[in-house]
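Given next are the chains, with one letter for each unit.
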Amino acid sequence: MVGATPAYARKRPEPAPVAAPAPVVIRSYTPVDRFYSARKNAVLWMSNREAQVALIQLLRDAPIDGFARGPQLAGQIEAAIAGAPSGGAAAATIAERAMSTALIDYVQSLYAPIPGMTYGNKWVGPRTPSGESILAGAARAPSLPAYVQSVWNLNPVYGQLRQAALEEAKLPDGGQSARLALNLPRVRFQSPSNKFVLVDIASARLWMYENGVPVDTMKVVVGKNEVDPKSNGSLRTPMIASVMYYAIYNPYWHVPDHLVRLNIAPAAAKIGPGALKGNKYEVVDSWSANPIILDPKTIDWKAVAAGTAHALLRQKPTGGNSMGKMKFPFENGFGIYLHDTPHKEYFAKADRTLSNGCIRLERAADFGTWLMGRPARPEDTSAELTVPFPQGVPVYVTYLTARPETGQIAYAKDVYGWDSPSPTQAVALGGQ
């Protein structure tokens, strides 16, 4: 037919629209969801009234641990439990999960970094437990109420301070609860080892703990409450958590820069480089394990004394240098370590804030024996010797103006003023 549209040009019918696939909803399961899913929604709390009471009391006391939301959560949980009988299964589920969530939040808050603490080793750094592990521990516990009543007991020092703080808080004027609560964060750690060392800067004492009890203690010397005249930096001993792995017998003493400038360089400039020889000082090119020994005649000692040049000095192992016969290093970034000293007279002093930051030990050999598990006898004074320990031992250098001692609470002078820091100090201490 003339004028007919060819078949290939005819309009084809549009295909029927295809429905878009429904969006895939991926639910973000919480640790609480995963815990109850694994146990087929079996209850943990709603069948155990004693555990409910223990958790509510834990949360009411929680501000002493720095968990300020505790009382508010306790009130919400009480209301949820009270409404569960009339609200049916849904209300009971809400109450059940509210309790599990509160327990997770509280426990995880205990593992926050300690304000002002420098962590020199990951092994002792803050390790927040997962929500599932917290609830799994509660489910496995022979007694859920007992688990709740002890979950705050991170270490024996923290536990005793916390109990004392709660007892003091019951007094009409609050007693010493505020001071005890101020010190609690400074010992909020859980040692990964059955052996650990606690150094308290405020009282200038050290304790050796094993299996949860102190097995020995000794006096120490800590940093001066002063400023380094050269660097304008603090000479105070900082708060540090780290691990000791070895001791050094017959250590070199790396002379602090300000002592080189103020004491040694003027003598060398006046008398000559021979002034170093009598005290067994060496000039080195670096603080490495095997530095290059430099000729003291090549040093401009007048410039060093004036502070326009620098010289690195170390004193040879003698047993009589400032390190004594033993040194106990640990990672920290400040160059702080524990060491022996020939100046035993310092330990007779009440105020032992006398060092440039490092920690001097009253009985270094006894300390070394405990760490090594065998007698520490650094008899050879001719060379340094590194002696490894059977296992790494955590060391916590902290600041306690209140601490447990023979069943009582002992109070120490606030030698650094950290209990009432200035705004600048508060920033440096992480708001402590």
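So, here is what we can say about the structure in this document. (Residues numbered from 1 in each chain as written. Predicted model: local features only at pLDDT ≥ 70, side-chain atom pairs only at ≥ 80, totals over all residues. Heavy atoms only, no water.)

Scanning the chain from terminus to terminus reveals twelve helices and 16 strands. Evaluated residue by residue, the chain yields a buried proportion of 44% over its 432 residues. In the chain, the share of contacts with a sequence separation of at least 24, taken over all contacts with a separation of at least 6, comes to 66%. Carbon together with sulfur atoms contributes 55% to the accessible area of the chain, which is approximately 22000 Å² in total. (Helix = DSSP H or I, 4+ residues; strand = E, 2+ residues; numbered from the N terminus. Buried < 20%, exposed > 50% of the residue type's maximum accessible area, 1.4 Å probe, protein only. Contact = heavy atoms within 4.5 Å. Areas by Shrake-Rupley, 256 points an atom, 1.4 Å probe, with all protein chains shown as cover.)

Across the sheet, four strands lie side by side as S6-S9-S7-S8; this open sheet has antiparallel pairing. Unpaired on one side and paired on the other, strand S6 (253–254) and strand S8 (293–294) mark the two borders of the sheet. Sheet analysis places strand S7 (residues 281–284) next to S8, joined by two bridges and oriented antiparallel. Bridged to Val 284 within S8 is Ile 293. (Pairing = 2+ DSSP bridges.)

Now for the environment of Gly 120. Turning to its location among the elements, Gly 120 is positioned in the loop between strand S1 (118–119) and helix H4 (131–140). Contact partners of Gly 120, with chain neighbours within four places excluded, come to Ala 241, Ser 242, Glu 331 and Asn 332.

On to the pairing of strand S5 (residues 240–249), then. For S5, the buried fraction is high: eight of the ten residues fall into the buried class. As judged from the two bridges shared by S1 and S5, these two strands associate in the parallel manner. In the strand pairing of S5, Thr 118 is matched with Ile 240. Relative to strand S14 (residues 385–398), S5 runs antiparallel, the two being bridged by nine bridges. Directly across from Met 244, in S14, lies its bridge partner Val 393. Across two bridges, S5 lies against strand S10 (residues 326–329) in antiparallel orientation. The residue of S10 that forms the bridge with Tyr 249 is Met 326.

Before going further, it helps to spend a moment on the pairing of strand S2 (residues 195–200). Counted residue by residue, S2 has six buried out of six residues, so it is predominantly covered. Where S2 meets strand S3 (residues 205–210), six bridges bridge the pair, whose relative direction is antiparallel. Pairing of Val 197 across the sheet is with Met 208, part of S3. Counting the residues between successive antiparallel strands, the hairpin from S2 to S3 contains four residues, one of them, Ala 204, with a positive phi of roughly 55°. In terms of strand pairing, S2 meets S14 through four bridges, oriented parallel. When the bridges of S14 are listed, Val 199 appears paired with Val 397.

As a further point, take helix H2 (residues 49–61). Here H2 spans 19 Å end to end across 13 residues, near enough to the 18 Å set by a 1.5 Å rise per residue. Buried within H2 are the following residues: Ala 51, Gln 52, Ala 54, Leu 55, Ile 56, Leu 58 and Leu 59. Looking at the packing, one finds that the buried side of H2 touches helix H3 (70–110), helix H5 (144–150) and helix H6 (156–169). (Expected span 1.5 Å × (residues − 1).)

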